[in-house]
Amino acid sequence: MIGRGAITRTRLQRGGFQPRAIIAVALLWTVLWDSITWGNVVNGLLIGLVITTVLPLPSVPYDGRIHPLRFLALLVLFFRDLVVASFQLSWLAVRPKVAETGSIIEVKMRVHSDLYLTLLAVMISLVPGSTVVEARRTAGVLYVHELGVHTREQADQARADVLAVERRLVRAIGSKEEIAMVDGEGTREREKS
C-alpha cells in the first residue's frame, strides 16, 4: 500500500498544483482570442488546469528575488543591445562585400540553474546576429553562433559579452549567493588582466 507521503512526493516531483502556470495559460488564451470576456478568462483557467494536470511541468527551483533597479538596468541594456545589433546587422546586409560568416563559441555559465540557462539563451537568441545553437544543462554550457567572429580575440570578446549578460541577469533576479558567484568570477578575471 502506498503511503500518503509517497503520493505527496510523487506529486511534488511531477509539479503538483501550478497556479502560476494556470494563470499564464489563461492569459495566453485570452490574448489569443483578442478579447477579455468572462467566458474567455474562465475557459483559459479551465484549460490551464487541464493542461497542468495532464502534462505537469517540474518545479524550477528559484531562491532569488527581483532587484528593481538592477532589473530595470537589465532591460535598458538589453534593448540597447537589440538596437545596436540591429543596426550592425543592417549595415552587414547593405554593404557591398562578401557574405559575413560567424563562429560558434562555447560559453560556460557561472551559475548552474535551468532558469538562468533558459533566460540567458532566450536573451542571447533575441539579439540579431547571435543565436544559441545548443545548451547543455548538466554542464551549464551554451554554444552560441556569433556573426562576424573570426579571430580568437573576437571570440573572447563575444564570450565576455555573453557572460556580461549572465552577470546582469543574475544581479537582477538572483540570490545573494548567486550574485556573489558572478561578481567573484568577474573580480578574478579583472585581476588576471
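- As annotated in an unreviewed UniProt entry, the chain carries the name Na+/H+ antiporter subunit E and is attributed to Epidermidibacterium keratini.

## Structural notes on the overall build of the chain
- Of the regular secondary structure elements, the chain holds 7 helices and 3 strands.
- Shown N-terminal to C-terminal, the secondary structure of the chain runs as helices and strands in the order α-α-α-α-β-α-β-β-α-α.
- The buried share of the chain, reckoned over its 193 residues, is 29%.
- Taking contacts inside the chain between residues at least 6 apart in sequence as the whole, the part at least 24 apart equals 68%.

## Overview of the pairing of strand 3 (residues 141–147)
- In terms of burial, strand 3 is largely enclosed, as 5 of its 7 residues are buried.
- Bridging between strand 1 (residues 102–108) and strand 3 involves 7 bridges; their strand directions are antiparallel. Its bridge partner lying in strand 3, G102 is registered against L147.
- Turn length for the strand 2 (residues 130–136)-strand 3 hairpin, with the two strands adjacent in sequence and antiparallel, is 4 residues, and the turn residue G140 shows positive phi of about 65°.

## Some details on the pattern of salt bridges
- Going through the model one piece at a time under the given rule, you end up with 8 salt bridges.
- For D114, the salt bridge is made with R137, and the minimal N-O distance between the two is 2.9 Å. With a gap of 23 residues between them, D114 in helix 5 (residues 114–126) and R137 in the loop between strand 2 and strand 3 connect regions that are remote in the sequence.
- Two residues, R159 and D156, come together in a salt bridge whose shortest N-O distance is 3.1 Å.

## Some words on the nonpolar core
- Counting 30 residues, the largest nonpolar core has Y116, L120, I124, L142, V144 and L169 as the members making the most contacts within it.
- If you list the elements that add at least two residues to this core, you get helix 4 (68–94), strand 1, helix 5, strand 3, helix 6 (152–173) and helix 7 (176–192).
- Looking at which element gives the most residues to this core, the answer is helix 6, with 9 residues.
- Those residues within four positions of Y116 in sequence are excluded, and the remaining contacts are Y62, M109, V111, L169, V170, I173, G174, S175 and E178.

What counts, and at which threshold
Residue numbering note: each chain is counted from 1, following its sequence as written. Local features in this predicted model are restricted to residues whose pLDDT is 70 or higher, and side-chain atom pairs enter the listing and the counts only when it is 80 or higher, whereas totals over whole chains, interfaces and linings include all residues. Just so you know, side-chain values use all the structure's heavy atoms and leave hydrogens and water out. Note on conventions: DSSP H or I runs of at least 4 residues are helices, E runs of at least 2 residues are strands, and numbering of each starts at the N terminus. Buried, partly exposed and exposed residues are distinguished by accessible area as a fraction of the type maximum, computed with a 1.4 Å probe on protein chains only: under 20%, between the cut-offs, and over 50%, respectively. Residues are treated as being in contact if the distance between any of their heavy atoms lies within 4.5 Å. Note on pairing: two strands pair once DSSP finds at least 2 bridges between them. A carboxyl oxygen of Asp or Glu within 4 Å of a side-chain nitrogen of Lys or Arg is what we treat as a salt bridge. Nonpolar cores were defined as sets of buried Ala, Val, Leu, Ile, Met, Phe, Trp, Tyr and Cys residues, with membership established by side-chain atoms within 4.5 Å.

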